[in-house]
Amino acid sequence: MKIAKVVNALEQFAPLPLQEDYDNAGLQTGLTEADVSGALLCLDVTEAVVDEAVAKGCNLIVSHHPLIFHKLRRLCGEDDVQRTVMKAIEKHITILSLHTNMDAAEGGVNFKIAEKLGLERPTFFGKRQSAEVKTGDGEIRTVAGGEGVIAEWTEPLAADDFIIRLKQTFDVECVMANELLRRP
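Residues numbered from 1 in each chain as written. Predicted model: local features only at pLDDT ≥ 70, side-chain atom pairs only at ≥ 80, totals over all residues. Heavy atoms only, no water.

Participant: Now, about the state of the cysteines: what can you tell me, with residues and values included?
Facilitator: Under the definition given, this model contains zero disulfides. There is no disulfide at C58, and the cysteine sulfur nearest it, in C42, is 11 Å away. (Disulfide = S-S within 2.5 Å.)

Participant: Which residues make up the nonpolar core, and what are the values?
Facilitator: In this structure, L18, L60 and L98 are the most contacted members of the largest nonpolar core, which totals 15 residues. Those elements that place two or more of their residues in this core are helix 1 (3-13), strand 3 (60-63), helix 4 (100-104) and strand 5 (120-134). Listed in part, the 14 residues of the second largest apolar core include L40, A88, I93 and I95. (Core = buried A, V, L, I, M, F, W, Y, C linked by side-chain atoms within 4.5 Å. Buried < 20%, exposed > 50% of the residue type's maximum accessible area, 1.4 Å probe, protein only. Helix = DSSP H or I, 4+ residues; strand = E, 2+ residues; numbered from the N terminus.)

Participant: An account of the packing of helix 2 (residues 47-55) against helix 3 (residues 80-90) is needed here, citing residue identities and associated values.
Facilitator: Across the interface, helix 2 lies against helix 3 with an axial gap of 9 Å and an inter-helix angle of 15°. When the axes of helix 2 and helix 3 are compared, the pair comes out roughly parallel. In this structure, helix 2 crosses over helix 3, and the sense of that crossing is left-handed. On helix 3, the residues touching E47, V50 and D51 of helix 2 are R83, T84, K87 and A88. The residue inventory of the contact of helix 2 with helix 3, partitioned by class, reads two nonpolar, one polar and four charged. (Axes fitted to C-alpha atoms, helices over the stretch in contact; angles between N-to-C directions. Parallel < 35°, antiparallel > 145°, perpendicular 65-115°, else oblique. Left-handed = near helix turned anticlockwise from the far one by under 90°. Contact = heavy atoms within 4.5 Å. Nonpolar A, V, L, I, M, F, W, Y, C, P; charged D, E, K, R; others polar.)

Participant: So what about the sheet that holds strand 1 (residues 26-29)? Which residues, and what values?
Facilitator: Spatial ordering of the open sheet is given by 1-4-3-2, a layout of four strands whose pairing is mixed. Where the open sheet ends on each side, the last strands, each with one partner, are strand 1 and strand 2 (39-42). Across this sheet, the average inter-strand angle for adjacent strands is 25°, counted without regard to direction. Of the pairings in the sheet, the one linking strand 2 to strand 3 comprises four bridges and is parallel in character. In the sheet register, L40 faces strand 3, and the bridge partner there is I61. On the sheet, helix 1 packs against strand 1, strand 3 and strand 4 (94-97) and is oriented at approximately 5° with respect to strand 4. (Pairing = 2+ DSSP bridges.)

Participant: How would you sum up the pattern of salt bridges? Please name residues and give values.
Facilitator: Under the criterion given, the structure shown has 11 salt bridges. With a closest N to O distance of 3.7 Å, K127 and E20 form a salt bridge. Residue K127 is located in strand 5, and its partner E20 is located in the loop between helix 1 and strand 1; the two are separated by 107 residues in the primary sequence. We classify K127 as partly exposed; its relative accessible area is 40%. Connected through salt bridges with shared partners, the residues E47, D51, D80, R83 and K87 form a single ionic network. (Salt bridge = Lys/Arg side-chain N within 4 Å of Asp/Glu carboxyl O.)

Listed below in structure tokens is the structure:
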């Protein structure tokens, strides 16, 4: 399968028009006409991630955060981003990032967080948007997106219990929050 086919499938789920204006999701480096030898998924692309992809025989890295977030004015290895881009190009690694478009897409990151927390009836809040995508069979379908998701539990939950649930669900030691209200 060609890398382009993987990129197309992912962007059909989380179309680039759903990304925020400040974002730089999408193809970051590489050629899409090569056959996929393997895909490595990550949150952030670093030199170590590129090394891992090479070691595992993967020529595609799919990240959440874009490697190239701001315009590159030169490519001479003077910072981590430049060195990582240069290494990816040298090793023939294609990098695709799905950031705020994956956050915003129906069924994307925000919906998965709600699902993992056991929340029900997730719906968009804030600015809503949509993007039309062409499917593999040539049909046009609309993908909905929004700034966030609001959902509910079947039973009320105290704020401090919510923080505990967040820590347990996502296996983290620290959650920052405003002063907790002593109500469900």
